[in-house]
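Chains, contacts and geometry: an overview
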Amino acid sequence: MAALPDSHGPKRSWWKSNQQRLTPWLFLAPGLFMFVVYVIWPIFASFQFSFYDWDGLSPKTWVGWANYQELWGDRNFIISLKNNIIWLVLYMLAVPAGLAIAIFLNQTVTGIRIYKSLFFFPFVISQVVVGLMFAWFYAPNFGLFFILTEWLFGTGTAVLANPEYATYGIIVAGLWPQIAYCMILYLTGLNNVAPDQVEAARLDGAKGLKMLWYVVLPQLRPATFIAVVVTVIGALRSFDLVSIMTNGGPFGQTRVLSFYMYEKALSEYGYRMGYGAAIAVVLFLIMMIFITGFVWKMVRDERGH
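Residues numbered from 1 in each chain as written. Predicted model: local features only at pLDDT ≥ 70, side-chain atom pairs only at ≥ 80, totals over all residues. Heavy atoms only, no water.

1. Observations regarding the overall build of the protein chain
Our working rule: Comment: elements are numbered from the N terminus, with helices defined as DSSP H or I runs of at least four residues and strands as E runs of at least two. Two things to know: the radius of gyration comes from C-alpha atoms, and the globule rule equals 2.2 Å times the number of residues to the power 0.38. For each residue, the accessible area found with a 1.4 Å probe, counting protein chains only, is set against the maximum for its type, and the residue is called buried under 20%, exposed over 50%, and partly exposed in between. Throughout, a contact is declared for two residues whenever any of their heavy atoms are within 4.5 Å. For accessible areas, the Shrake-Rupley method is used with a probe of radius 1.4 Å. Any residue's cover is judged against the shown protein chains and nothing else.
Helix and strand counts for the protein chain stand at 14 helices and 2 strands. Over its C-alpha trace the protein chain gives a radius of gyration of 26 Å, far above what one expects of a compact globule, namely 19 Å for 305 residues. Across its three principal axes, the protein chain shows a C-alpha extent of roughly 110 × 70 × 35 Å. Relative to its full complement of 305 residues, the protein chain shows a buried share of 38%. Once local pairs closer than 6 in sequence are excluded, the contacts in the protein chain between residues at least 24 apart make up 66%. Only carbon and sulfur atoms are counted for the fraction: they give 68% of the accessible area of the protein chain, which is about 19300 Å².

2. A few points about the nonpolar core
In globular proteins that are soluble, nonpolar side chains generally tend to be buried together. To be explicit about the condition: Nonpolar cores were defined as sets of buried Ala, Val, Leu, Ile, Met, Phe, Trp, Tyr and Cys residues, with membership established by side-chain atoms within 4.5 Å.
Grouped together as the largest cluster of nonpolar side chains are 67 residues, with contacts concentrated most on Leu71, Phe77, Trp87, Tyr186 and Met245. When residues of this core are assigned to their parent elements, the largest contribution, 11 residues, is made by helix α14 (residues 273–304).

3. Topic: the environment of Tyr68
Its location among the elements puts Tyr68 in helix α2 (residues 66–71). A relative accessible area of 12% means that Tyr68 is categorised as buried. Distance from Tyr68 to Gly234, taken between C-alpha atoms, is 24 Å for residues 166 residues apart in sequence. In contact with Tyr68, other than residues within four places in its own chain, are Ser50, Phe51, Ala278, Val281 and Val282.

4. Side note on the side chain of Arg255
Condition: Throughout this description, a polar contact denotes any pair of N or O atoms lying within 3.5 Å of each other; where both atoms belong to protein, one of them has to be capable of donating a hydrogen while the other can accept it, and for residues adjacent in sequence the pair is counted only when both atoms sit in side chains.
Mapped onto the elements, Arg255 comes out in the loop between α12 (240–245) and α13 (257–265). Judged by its relative accessible area of 15%, Arg255 falls in the buried class. At 3.1 Å, the side chain of Arg255 and the side chain of Asn76 are in polar contact. Leave out the neighbours within four places in its chain, and Arg255 touches Asn76, Ile79, Ser80, Asn83, Gly248, Tyr260 and Glu263.

5. A short note on the packing of helix α4 (residues 94–105) against helix α8 (residues 166–191)
Helix-helix packing is described using two parameters, namely the angle between the two axes and the distance between the axes. Put simply, the rule reads: As a rule, the C-alpha atoms of each element are fitted with a line to give its axis, helices using only the stretch in contact, and angles between N-to-C directions run from 0 to 180 degrees. These descriptions rest on fixed angle ranges, namely under 35 degrees for roughly parallel, over 145 for roughly antiparallel, 65 to 115 for roughly perpendicular, and the rest for oblique. In this scheme the handedness of a crossing depends on how the near helix is turned from the far one: anticlockwise by less than a right angle means left-handed, clockwise means right-handed.
Axis separation between α4 and α8 bottoms out at 7 Å; the angle between their running directions is 50°. Here α4 lies oblique to α8, going by the angle between them. In terms of crossing hand, the pair formed by α4 and α8 is right-handed. Between α4 and α8, the residues in contact are Ala94, Val95, Ala97, Gly98, Leu99, Ile101, Ala102, Ile103 and Leu105 and Leu175, Gln178, Ile179, Cys182, Met183, Tyr186, Leu187 and Leu190, respectively.

6. Here we look at the pattern of salt bridges
Our working rule: Any Lys or Arg side-chain nitrogen found within 4 Å of a carboxyl oxygen on Asp or Glu counts as a salt bridge.
Taken as a whole and judged by the stated rule, the model has 3 salt bridges. The closest approach of N and O atoms between Arg272 and Glu70, which form a salt bridge, is 2.9 Å. Placement of the pair is Arg272 in the loop between α13 and α14 and Glu70 in helix α2, with a sequence separation of 202 residues. Residue class for Arg272 comes out partly exposed when judged on its relative accessible area of 25%.

7. Examining the packing of aromatic side chains
Convention followed: Two rings from Phe, Tyr or Trp (for Trp, the six-membered ring) form a pair when their centres are within 6.5 Å of each other. A pair whose planes differ by under 30 degrees is stacked, one over 60 is edge-to-face, and the rest are tilted. Whether a charge sits over a ring depends on NZ of Lys or CZ of Arg being within 6 Å of the ring centre and within 35 degrees of the ring normal.
In total, this model carries 22 aromatic pairs according to the counting rule given. Plain terms: the ring middles of Phe134 and Phe137 are 5.9 Å apart, the flat faces sit at 75° to each other, and that makes the pair edge-to-face. Taken together, the positions of Phe134 and Phe137, both in helix α6 (residues 127–138) and 3 residues apart, correspond to about one turn of that helix. Overall, the relative accessible area of 29% leaves Phe137 in the partly exposed class. Chaining the aromatic ring pairs together yields one cluster made of Phe51, Tyr52, Trp62, Trp65 and Tyr68. Lying over the aromatic face of Tyr52, Lys60 brings its terminal NZ or CZ to 5.7 Å of the ring centre. The ring of Trp54 is capped by Lys60, whose NZ or CZ atom sits 5.1 Å from the centre of that ring.

8. Some points on α4
This is how it is decided: An expected span of 1.5 Å times one less than the residue number is assigned to each helix.
Over its 12 residues, α4 runs 16 Å from end to end, which matches the ideal 16 Å to within 8%, given 1.5 Å per residue. Listing the buried residues of α4 in full gives Ala94, Val95, Gly98, Leu99, Ile101, Ala102 and Leu105. Where α4 is buried, its residues touch α3 (75–91), α5 (112–120), α8, α10 (208–219) and α11 (221–236).

9. Describing the packing of α4 against α5
Here is the rule we go by: Polar here means any residue other than Ala, Val, Leu, Ile, Met, Phe, Trp, Tyr, Cys and Pro, which are nonpolar, and Asp, Glu, Lys and Arg, which are charged; Gly is therefore polar.
Close contact between α4 and α5 brings their axes to 10 Å; oriented N to C, the two are set at 160°. Here α4 lies roughly antiparallel to α5, going by the angle between them. Where α4 crosses over α5, the handedness of that crossing is left-handed. Along the contact surface, α4 presents Ile101, Phe104 and Leu105, while α5 presents Ile112, Tyr115, Lys116 and Phe119. Of the residues contributing to the contact of α4 with α5, the split by class is 6 nonpolar, no polar and 1 charged.

Such coordinate-based values are descriptive only and should not be taken to indicate function.
Right, dumping it as structure tokens:
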């Protein structure tokens, strides 16, 4: 009697059985590898180095919490920390400003593409170029802002030479491209707003701020999340504009944590890698506190619905 054929058919190889499940991970593998090497590992390395006294070349010396204890008695660190808080608070203006401009541009009127291009323009400019443009804008004697204040008040204001105003002048320069970025995020989000919900709200008598608050903004939560996270990160890592516009001056009053970290760890006055790593850890923790708090609020709001 002939043997009956296997009812289950030929055995499939392990790869064919798991191909659909493994293929996405194969595509993600190069990006995940780069993320681990250039993001995750440096974070843990910074935590490790912050407990050592090290110049980057000679053997490391364990100092425990000494670097962190020194931070709180370091006047320059306190100034940098205060400036970062100012950056963080004022930089958040980019989110509502970007939303307002996006709502204005989300219309079908003559010439709207030209307006969109003009508002989009700051986003494609390098931060270095933005810093140079605003440095010339604020420049004494020939800067447009200096000439304008001289015409209005009789005495021109050299913003970047004044310790009281310099930080705010740099923040304004940073807000220009940041508002453009938030605007782009919200324009994309507005294109995905459900028109049937808007029409239903109009039939119920909702308009203006009520329409925005109860109908439009809830559908813009993903865009708001990205805008807030990117804005927080941008405010706390504000190195390039400070370096280009004032180099930390005048009198070190415009330093931020990222710039002070560079000065201590890598500049000719520093080479204190352990101390710079401690500053980086503080900056990282501040960033994570704000982002985690916002994520928690977003999750809570979603669950509430």
